[in-house]
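# Reading the structure
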Amino acid sequence: MAFILNGAVSVAQGAVSFGSITCCKQQQNRAVFGEKVSAKKSFFGGAHVVSFKPKSRDFEFTFSVEAALRVAVIGGGPGGASAAETLAKNGIETFLFERKMDNCKPCGGAIPLCMVSEFDLPESIIDRKVTKMKMISPSNREVDVGRTLKPFEYIGMLRREILDDFLRKRAEKNGAKLINGLMLNMEIPSNNKDPYTIHYTDYSKGKIGEPASLKVDMVIGADGANSRVAKDMDAGDYNYAIAFQERVRLPQDKMEYYEDLAEMYVGDDVSPDFYAWVFPKYDHVAVGTGTVIDRPGIKKYQDAIRVRAAKRLAGGKLIKVEAHPIPEHPRPRRVVGRVALVGDAAGYVTKCSGEGIYFAAKSGRMCAEAIVKLSQNGDRIPTEQELKDTYIKDWDNKYWATYKVLDVLQSVFYNSDPAREAFVELCGDDYVQKMTFDSYLYKTVVPGNPAQDLGLLLKTVGSLLRGYALAP
């Protein structure tokens, strides 16, 4: 941090305090070492052009502080990396923390088409373009989905280690400081002006970490479902699912079957309240399942999906086993003080589909955009209420309906095998497919046609009745 005094520079690392400035040394009789001076404007991390007057002098100096608002982003996944990129390229000093630079998060890896263009993702990081889905019911009835897709539409399948690395490097290229470190805890100031102190283990020099700390004006928690930031800010608890996934490398002839196809299995055997999947990746498939209500039993559900998909997975080699918690609903408090949560840390995963990648990246960007605007590109520190009135309000207005609709669908169709049979049957309807894909690919709740909606209601009732008759 440099103070520029009438053209002379004196350095005072960390010497800025709220409401006053301490001169660090004499510069040609312009300031006295250690002398307190009054300042018109300052905050930790930066006050820009400021006038001050030493108490023992009858003249006034004008100086500028080179540093600006400082923000720590904890977690280098899609949410954290997107937030860091947005902050950094708008002139805010940004520190992006990530412990595992090669982290392979257990994740189905599906992204909607709109994310490719919205986040300027290169096709080189997309492993597969899925244009066909196969829905498989508890009685093993198969329904093909994808007939309504336009020629250019697809669901992107990728590996999280590839996506996350790309987004982090882009954030770094735009000016974010990437720190290979694990946050241990966060010291919260007793007032709304003093800095937050991030205590972390620094792994930049090797596998054996060193203790370190960093003072910042604001913190964005993007550190997943087990967020340490959320714990320290007392964001409140939420219910969560356990996702279990195995990566299986298949023989070439078996892999060709999944060239542009993904499978979803439903049934009490593979999950009592969710679905199981086989999603294609670059040279393997991801086979997994998840549950909220029976987390201890996750292994038996994984065994069941391996049995259900055994014919198509024959000859496959297990290359990786992964498990991870997935939040079921937003946390009670997503902004406290000058700390905000995004992505899984905030609880932004949809029910029914379990989608979180797009919403993590989108929430990270929206949170950062709010900070940039409120801080006037780093000139001031936003308040808790301002963040709630912008980031949180805008997020809820934009996506509340999406989350609510998917919550209702999960409650109706994932609670029993007869209901799941009805769900799979309905997926064969062209109107259902069009509405579903339009909503998923473009992240909007698509308004329906009243006449077709009435017809769909009648079909739903009929499918539920047949589902109870067909369920094993």
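Heads up: the structure comes first, above all this text.
Here the residue numbering is sequential within each chain, running from 1 through the sequence in written order. Note on the predicted model: pLDDT of at least 70 is required for a residue's local features to be given, and 80 or more for side-chain atom pairs to be given and counted; whole-chain, interface and lining totals, by contrast, use all residues. To get the side-chain values, all heavy atoms of the structure are used, and hydrogens and water are removed first.

Our focus in this paragraph is the packing of helix H1 (residues 78-88) against helix H3 (residues 160-173). Lines fitted to C-alpha atoms define the axes here, with helix axes fitted over just the stretch in contact, and angles between the N-to-C directions of these axes take values from 0 to 180 degrees. Under the DSSP-based scheme used, a helix requires at least four consecutive residues in state H or I and a strand at least two consecutive residues in state E, with every element numbered from the N terminus. Following both chains from N to C, one finds H1 and H3 inclined at 15°, their axes separated by 8 Å at the closest point. The orientation of H1 relative to H3 falls into the category roughly parallel. By crossing handedness, the relation of H1 to H3 is classed as left-handed. Counted together, Pro78, Ala81, Ser82, Ala84, Glu85 and Ala88 of H1 and Arg160, Leu163, Asp164, Leu167, Arg168, Arg170 and Ala171 of H3 form the full contact between these two elements. Angular relationships are summarised with four words: roughly parallel below 35 degrees, roughly antiparallel beyond 145, roughly perpendicular across 65 to 115, and oblique for the angles in between. In a left-handed crossing the near helix is turned counterclockwise from the far helix by less than a right angle, and in a right-handed crossing that turn is clockwise. Two residues form a contact once any of their heavy atoms are found within 4.5 Å.

Our next topic: H1. Using a 1.4 Å probe on the protein chains alone, a residue whose accessible area is under 20% of its type maximum counts as buried, one over 50% counts as exposed, and one in between counts as partly exposed. Most of H1 is tucked away: eleven of the eleven residues are buried. Considered for burial, the residues of H1 that qualify are Pro78, Gly79, Gly80, Ala81, Ser82, Ala83, Ala84, Glu85, Thr86, Leu87 and Ala88. Contacts from the buried residues of H1 go to strand E8 (70-74), strand E9 (93-98), H3, strand E18 (218-221) and helix H9 (357-374).

Bridge count between E9 and strand E15 (residues 177-187): four bridges; the pairing is parallel. Each bridged residue has a counterpart across the sheet, and for Phe97 the counterpart in E15 is Ile179. Bridge count between E15 and strand E16 (residues 196-202): six bridges; the pairing is antiparallel. Bridging across to E16, Leu182 finds its partner in Thr201. Two strands are counted as paired when DSSP detects at least two bridges linking them.

So, about the packing of aromatic side chains. Each aromatic pair joins two rings of Phe, Tyr and Trp (for Trp, the six-membered one) with centres within 6.5 Å, and gets the label stacked for planes under 30 degrees apart, edge-to-face for over 60, and tilted for any other angle. Within the structure shown, the criterion is met by 14 aromatic pairs. With a centroid separation of 4.9 Å and an interplanar angle of 80°, the aromatic rings of Phe97 and Tyr200 are classed as edge-to-face. One end of the pair, Phe97, is in strand E9; the other, Tyr200, is in strand E16, with 103 residues separating them in the sequence. With respect to class, Phe97 is no different from Tyr200; both count as buried. By way of ring pairs, the aromatic residues Phe119, Tyr348, Tyr358, Phe359, Trp395, Tyr399 and Tyr403 are connected into one cluster.

Here the focus is the nonpolar core. The set of buried Ala, Val, Leu, Ile, Met, Phe, Trp, Tyr and Cys residues whose side-chain atoms join them within 4.5 Å is what this entry labels a nonpolar core. Among the nonpolar cores identified, the biggest contains 105 residues, and Ile198 and Tyr391 are the most heavily contacted of them. Setting aside anything within four residues of it in sequence, one finds Ile198 in contact with Ala72, Ile74, Phe97, Met183, Asn185, Met186, Ala212, Ser213, Leu214, Val216 and Val219. Ile136, Val248, Val278 and Val287 belong to the second largest nonpolar core, which has 15 residues in total.

Strand pairing in a sheet takes place through backbone hydrogen bonds and is either antiparallel or parallel in direction. The seven strands are arranged E13-E12-E20-E21-E22-E19-E23 in an open sheet whose pairing can be described as mixed. Whereas interior strands pair on both sides, the edge strands pair on one side only; in this sheet they are strand E13 (142-145) and strand E23 (317-327). For this sheet, the mean angle separating the axes of adjacent strands, direction not counted, is 20°. In this sheet, strand E22 (residues 285-291) lies alongside strand E21 (residues 276-280) in antiparallel orientation, the contact comprising four bridges. Its bridge partner being in E22, Val278 is matched across the sheet by Val287.

The backbone of Asp120 shows a phi angle near 50°, a positive value even though the residue is not glycine. Residue classification places Asp120 among the exposed positions, given a relative accessible area of 56%. Even without being a glycine, Cys352 presents a positive backbone phi close to 70°. By the secondary structure assignment, Cys352 is in the loop between helix H8 (343-346) and H9. Cys352 sits in the buried class, given a relative accessible area of 9%.

Now for the side chain of Arg159. Tracing the backbone through its elements, the reader meets Arg159 in the loop between strand E14 (155-157) and H3. Within polar-contact distance, the side chain of Arg159 engages the side chain of Asp127 at 2.9 Å. Each polar contact in these results corresponds to two N or O atoms within 3.5 Å; when the atoms are within protein, one needs to be able to donate a hydrogen and the other to accept it, and residues that are neighboring in sequence are counted only if both atoms are side-chain atoms.

As a further point, take the environment of Met183. Note that Met183 resides in strand E15. A relative accessible area of 3% places Met183 in the buried class. Distance from Met183 to Ile198, taken between C-alpha atoms, is 6.9 Å for residues 15 residues apart in sequence. Not counting chain neighbours up to four residues away, the residues in contact with Met183 comprise Ile74, Ile198, His199, Tyr200, Arg228, Val229 and Asp232.

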